[in-house]
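Summary of structural features
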Amino acid sequence: MFRAIFGSALLAGLIAGAATAAIQHVTTTPLIIAAEAYETAGGHDHTGTATDATGVTVPAHDHGDADDWAPADGIERTAFTALSTTLASVGFGLVLVASMALTGRAVDARSGLLWGLGGFVAASLAPAVGLAPELPGSVAAALEARQLWWIATVVATAGGLWLLAFRQSWAFRLIALALIVAPHAVGAPLPDAGAGAVPPELAARFATTSIAVTGILWVLLGLLSGYFFGRATATKS
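Thresholds applied
Residues numbered from 1 in each chain as written. Predicted model: local features only at pLDDT ≥ 70, side-chain atom pairs only at ≥ 80, totals over all residues. Heavy atoms only, no water. Phe/Tyr/Trp six-rings, centres within 6.5 Å; stacked < 30°, edge-to-face > 60°. Helix = DSSP H or I, 4+ residues; strand = E, 2+ residues; numbered from the N terminus. Buried < 20%, exposed > 50% of the residue type's maximum accessible area, 1.4 Å probe, protein only. Lys NZ or Arg CZ within 6 Å of the ring centre and 35° of its normal. Axes fitted to C-alpha atoms, helices over the stretch in contact; angles between N-to-C directions. Parallel < 35°, antiparallel > 145°, perpendicular 65-115°, else oblique. Left-handed = near helix turned anticlockwise from the far one by under 90°. Contact = heavy atoms within 4.5 Å. Nonpolar A, V, L, I, M, F, W, Y, C, P; charged D, E, K, R; others polar. Expected span 1.5 Å × (residues − 1). 1 Å grid on protein atoms, 1.4 Å probe; cavity = no way out; pocket = protein on both sides within 12 Å on 5 of 7 lines; lining within 4 Å. Points joined across faces, edges and corners; volume = space filled by probe spheres on them. Patch = residues over 30% accessible without salt bridge, like charges linked within 9 Å, V, L, I, M, F, W, Y side chains within 5 Å. Areas by Shrake-Rupley, 256 points an atom, 1.4 Å probe, with all protein chains shown as cover. Salt bridge = Lys/Arg side-chain N within 4 Å of Asp/Glu carboxyl O.

For the rest of this paragraph, the subject is the packing of aromatic side chains. By the definition in use, this model includes 6 aromatic pairs. Taking 6.0 Å as the distance between ring centres and 35° as the angle between the ring planes, the aromatic pair formed by tryptophan 115 and phenylalanine 166 counts as tilted. Of this pair, tryptophan 115 sits in helix α4 (residues 109–130) while phenylalanine 166 sits in helix α5 (residues 143–166), and the two are 51 residues apart along the sequence. Ring geometry for tyrosine 227 versus phenylalanine 228: centroids 5.4 Å apart, planes at 65°, classification edge-to-face. Tyrosine 227 sits in the partly exposed class, given a relative accessible area of 38%. One Lys or Arg, arginine 173, reaches over the ring of tryptophan 170 and ends 4.9 Å from the middle of that ring.

In structure tokens form, the structure reads like this:
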């Protein structure tokens, strides 16, 4: 079973990650580069990196410290962005396929799509409600506080969706709704007062584009994970 889980997640993650990296190259990466120009011109140093809708930090130039390393523009930067996206995709794929296996139910591409949509809601859409994807130069709260809230939101939302999908009693449904709402009731960490270097229009475009691209990632990941894991388990049965 472990080989089926790992192999399916690896294949699905590599394919979905590579496809998403190609889409990022022509959608979100140009927006990050444009934001860095504003950051440099304004002398700001707020984030130094871009964070997409999955919470993954995308390589970007940091103008705040000359000693900090960043990938050079061109092939090196494209390669590191693609690598981070693909590694994140494989990691999400492992969680997705392992969750499928825990149910003990047969899966295929169609049911995998539903799993992918659930993953998108839990790991991307729900956290983005409180913490929108960020460009370099954006004003943001402390990194540790944002990471903690993001993780708590993902876990709570995933747990809530799991209960809604696999537990039918009203008690469990109420618990599920409470879990989904709780992080937003507490509220995401707010940034310190001050204006960022990035125009609001550019930040909004990056946020919506990043969420859309991440949705594509999760759809591909769900379809491919369900397909590969379904075939792997069917072969052994």
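Let us look at the packing of α5 against helix α6 (residues 170–186). Helix-helix packing is described using two parameters, namely the angle between the two axes and the distance between the axes. The contact between α5 and α6 brings their axes to 8 Å, and the two run at 160°. If you check the angle between α5 and α6, you find them roughly antiparallel. Judged by the twist between their axes, the crossing of α5 over α6 is left-handed. Counted together, Trp149, Ala152, Thr153, Ala156, Thr157, Gly159, Gly160, Leu161, Leu163 and Leu164 of α5 and Phe172, Arg173, Ile175, Ala176, Leu179, Ile180, Pro183 and His184 of α6 form the full contact between these two elements. Partitioning the contact of α5 with α6 into residue classes produces 12 nonpolar, 5 polar and 1 charged.

Attention now goes to helix α3 (residues 75–103). In this model, α3 (29 residues) spans 42 Å end to end at C-alpha, consistent with the 42 Å of a helix rising 1.5 Å per residue. Following α3 by one or two positions, glycine 104 has its phi on the positive side, about 75°.

Examined against the element boundaries, serine 99 turns out to sit in helix α3. Sequence separation between serine 99 and isoleucine 5 is 94 residues, and the spatial gap between their C-alpha atoms is 9.7 Å. Serine 99 has contacts with Trp115 and Trp162, leaving out every residue within four places of it along the chain.

Turning next to the layout of surface pockets. For the largest pocket, the calculated volume is near 610 Å³. Contributing to the lining of the largest pocket are 23 residues, with Leu96, Trp115, Gly118, Gly119 and Trp162 lying nearest its centre. Looking at the lining of the largest pocket, the elements that each hand over two or more residues are α3, α4 and α5. When its residues are assigned to classes, the lining of the largest pocket shows 17 nonpolar, 5 polar and 1 charged. Roughly 330 Å³ of internal volume is contained in the second largest pocket. In terms of residue count, the dominant contributor to the lining of the second largest pocket is helix α7 (residues 200–236) (4 residues). Its residues assigned to classes, the lining of the second largest pocket shows 16 nonpolar, 3 polar and 2 charged.

Next up on the list: α5. Between the first and last C-alpha of α5 there are 34 Å, a value that for 24 residues agrees with the 34 Å anticipated at 1.5 Å per step. Taken together, the buried positions of α5 are occupied by Arg146, Trp149, Thr153, Val154, Ala156, Thr157, Gly160, Leu163 and Phe166.

On to a nonpolar patch on the surface, then. On the surface, Phe2, Phe6, Leu10, Leu14 and Leu94 cluster together into a nonpolar patch covering about 460 Å² of accessible area. Per-element accounting of the nonpolar patch gives the leading share, 4 residues, to helix α1 (residues 2–26).

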